[in-house]
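# Observations on the three-dimensional arrangement
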Amino acid sequence: MRFDNSRESDNIEDRRGGGGGLPIGGKSIGLGTIVLALVAMYFGVDPSVVLNQAALAPSPQAETRSEAPPANDPETLFVRKVLGETEDTWQQIFKLNGRDYIAPTLVLFSGSTPTACGTGQAAMGPFYCPSDQKVYIDLSFYQELKSRFKAPGDFAQAYVIAHEVGHHVQNLLGISGKVMAARSRASEKESNALSVRLELQADCLAGVWAQNADKARAILEAGDVEEALRAATAIGDDALQKQAKGFAVPDSFTHGSSEQRVRWFKRGMESGQLGACNTFQAKML
């Protein structure tokens, strides 16, 4: 990626260096429990069940806190540039559609952190909380993306942020609230299907961002799009479930298959238009 014409965002909250335990009910949950909760989620089990059970267990010894990295370390500067690109791009798109864009805050954390949506943990990857309009990411996920998921590259990393900002766009447009309400009334299978459509739309919105940002400030280099497509492929539900338990269960998908995630990112990238991302009316995902 090229950031010659990109500015750094100031909407960064750095919570790194706060220790690795996950506070639940005044206790700290260790990494092993977090991994178990993640595996439970793969199998369609509510991860809160594992976490709540762990919260009832005797408290582990407090972990040593590490020193927070400086605010101008290379990883933080990269995140600032990417977030700045999303802000400038979505502000322009919203303006063209007669709306005001309110930028989210991106929170950098290590291990775990409190959020308005409950406790957040590194093992669950980057996420967006609509209740506080913040994107959360433990940057160790980028090493996982490179080593475990075989999806290296700076644009693959930018795609991850752009996807979560896509959820923020959905929140501002009122889409997230409608989907949450519909899911609360639906069966588990129907709820999962709605979640897939929401996630694929966020992938499409990431593509819309990329196309418009590149058109405005020439941020993409040769091979960048392929990096994003590898990342989308690696984190499809079918790929993750096969890695976790050897087979995939489509009815339990909540984010979409690898093929679907690639297709919708490409659709947004090729069109650059919000209207191309209506996954809720699409007959085929």
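Residues numbered from 1 in each chain as written. Predicted model: local features only at pLDDT ≥ 70, side-chain atom pairs only at ≥ 80, totals over all residues. Heavy atoms only, no water.

Another point: the packing of aromatic side chains. Across all of its chains, the model carries eight aromatic pairs by this definition. Where phenylalanine 155 meets tryptophan 209, the ring centres are 6.2 Å apart and the plane angle is 15°; that geometry is what we call stacked. Of this pair, phenylalanine 155 sits in helix H5 (residues 154-172) while tryptophan 209 sits in helix H7 (residues 188-217), placing them 54 residues apart in sequence. Per residue, the accessibility class of phenylalanine 155 equals that of tryptophan 209, and both read buried. Measuring from ring centre to ring centre gives 5.5 Å for tyrosine 159 and phenylalanine 265, while their planes differ by 85°; the resulting arrangement is edge-to-face. On the criterion of sequence distance, the pair formed by tyrosine 159 in helix H5 and phenylalanine 265 in helix H10 (residues 258-271) is long-range, its members being 106 residues apart. Residue class for tyrosine 159 comes out buried when judged on its relative accessible area of 1%. An aromatic cluster is built from Trp90, Phe94 and Tyr101, whose rings are joined through pairwise contacts. (Phe/Tyr/Trp six-rings, centres within 6.5 Å; stacked < 30°, edge-to-face > 60°. Helix = DSSP H or I, 4+ residues; strand = E, 2+ residues; numbered from the N terminus. Buried < 20%, exposed > 50% of the residue type's maximum accessible area, 1.4 Å probe, protein only.)

Once that is clear, we can look at the environment of alanine 158. Residue placement: alanine 158 occurs in helix H5. By relative accessible area, alanine 158 is classed as buried at 0%. Put simply, alanine 158 and valine 82 are 76 residues apart on the chain and 6.2 Å apart in space, counted from C-alpha to C-alpha. Leaving out residues up to four positions away in the same chain, alanine 158 has contacts with Met1, Phe78, Val82 and Trp209. (Contact = heavy atoms within 4.5 Å.)

Our focus in this paragraph is the environment of glycine 120. Residue placement: glycine 120 occurs in strand S6 (residues 118-121). Take glycine 120: its relative accessible area is 1%, and that puts it in the buried class. Sequence spacing of glycine 120 and isoleucine 137 is 17 residues, and the spatial spacing of their C-alpha atoms is 9.2 Å.

By size, the foremost hydrophobic cluster in this structure holds 57 residues, and its most contacted members are Trp90, Leu106, Tyr142, Leu145, Phe155, Tyr159 and Trp209. Contributing elements (two or more residues each) for this core: helix H3 (74-96), strand S4 (105-108), strand S8 (134-137), helix H4 (140-147), H5, H7, helix H8 (224-234) and H10. In this structure tyrosine 159 touches Asp203, Ala206, Ala228, Ala231, Ala232, Ile235, Arg261 and Phe265, once residues within four positions along its chain are discounted. Within the second largest apolar cluster, five residues are counted, among which are Val107, Phe127, Cys129 and Tyr136. (Core = buried A, V, L, I, M, F, W, Y, C linked by side-chain atoms within 4.5 Å.)

Interpretation in functional terms is not warranted from these geometric data alone.
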